[in-house]
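Per-entry structural report
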Amino acid sequence: MEHLTNFAPLAARYDGFVLDLWGVIHDGVTPYPGAVECLERLRAAAKRVVLLSNAPRRAAHAAAAMRAMGIGNILYDGIVTSGEVTHALLRDRSDPAFAALGRRLFHIGPERDRNVFDTLDVESVAEPAAATFVLNTGPDDSRHPTAIGPWEATLRACREAGLPMICANPDLEVIRGGERVICAGALAQHYATLGGEVIWVGKPDPAIYRPVLDALGVAKGRVLAVGDGLRTDIAGAAAAGLDAAWVLGGIHGAALAGPGAVEAMARRAGLAPLATLPALRW
């Protein structure tokens, strides 16, 4: 495992890049220092870049949020989100698990994530007892999203109704504007402990890398995945057969003090990223 200080040496070795968003390019509010310049440098070098995020909203909405931060569409070749993939799975129903869901949906998540389903042939219901499945896009903004407690009663009601849960964001937590907050994955993980069925959409499932690799149009051996989440980004890259670079300044930052701790954490997870970086800086 190489411990690098900047991204340029890796950029020279690959033709295509799969870049995570939260924890690598931005924190949900502001781009990280150096990240936009890095995208500009990759574009100037004619490298292919596709963004892959566990964001539980459609790709166009994720792109709009980045434009509002000053990250233009011209800086990358495509964007794939777990929300977009969830939308397609709910629309097409070609996957047997999705074909069996029924049409009455109970949504756990903020209003801004309703774009995942609001144009589909589903009925959004107000109570779990009236639903045939639950779509979990994460904690809403009305309850401070730092602990499971405020959602316990809702999750238990879904379990009592026997609802399968679609988790449209497998992340357990992210850093948003400097604050650590829980994500849909934390709610889904707890739902599973209650005995609920969970269908996960997003990293680390290798299936989500298929549209990314199609969009890149680069041989797999010439592609590098870059992310901050060991459980999602690095494990997902390994499952998809891709080399990976681990950005240490994101979700794990506070727990990683030096190369020894970094390598020990990766070994415990059974993972071997090619390299580590403190941040996405050229």
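Quick note: structure is the one above.
About the thresholds
Residues numbered from 1 in each chain as written. Predicted model: local features only at pLDDT ≥ 70, side-chain atom pairs only at ≥ 80, totals over all residues. Heavy atoms only, no water. Helix = DSSP H or I, 4+ residues; strand = E, 2+ residues; numbered from the N terminus. Buried < 20%, exposed > 50% of the residue type's maximum accessible area, 1.4 Å probe, protein only. Contact = heavy atoms within 4.5 Å. Areas by Shrake-Rupley, 256 points an atom, 1.4 Å probe, with all protein chains shown as cover.

Right, let's talk about the overall build of the chain for a bit. The helix and strand inventory of the chain stands at 10 helices and 14 strands. Each principal axis of the C-alpha atoms in the chain carries an extent, and together these give about 55 × 35 × 35 Å. Burial statistics for the chain: of 282 residues in total, 52% are counted as buried. Considering only intrachain contacts with a sequence separation of at least 6, the fraction spanning at least 24 residues in the chain is 73%. By element, 53% of the accessible surface of the chain is carried by carbon and sulfur atoms, the whole surface being about 11,500 Å².

This part takes up unusual backbone geometry. With an omega of 15°, the peptide bond between Lys203 and Pro204 qualifies as cis. Tracing the chain through its elements places Pro204 in the loop between β11 (198-200) and α8 (209-216). The phi angle at Ala46 is positive, at roughly 60°, despite the residue not being glycine. Checked against the element boundaries, Ala46 lands in the loop between α2 (35-44) and β3 (48-53). With a relative accessible area of 66%, Ala46 lands in the exposed category. One non-glycine residue, Arg93, lies in the positive phi region at around 55°. Structurally, the position occupied by Arg93 is in the loop between α4 (82-92) and α5 (96-99).

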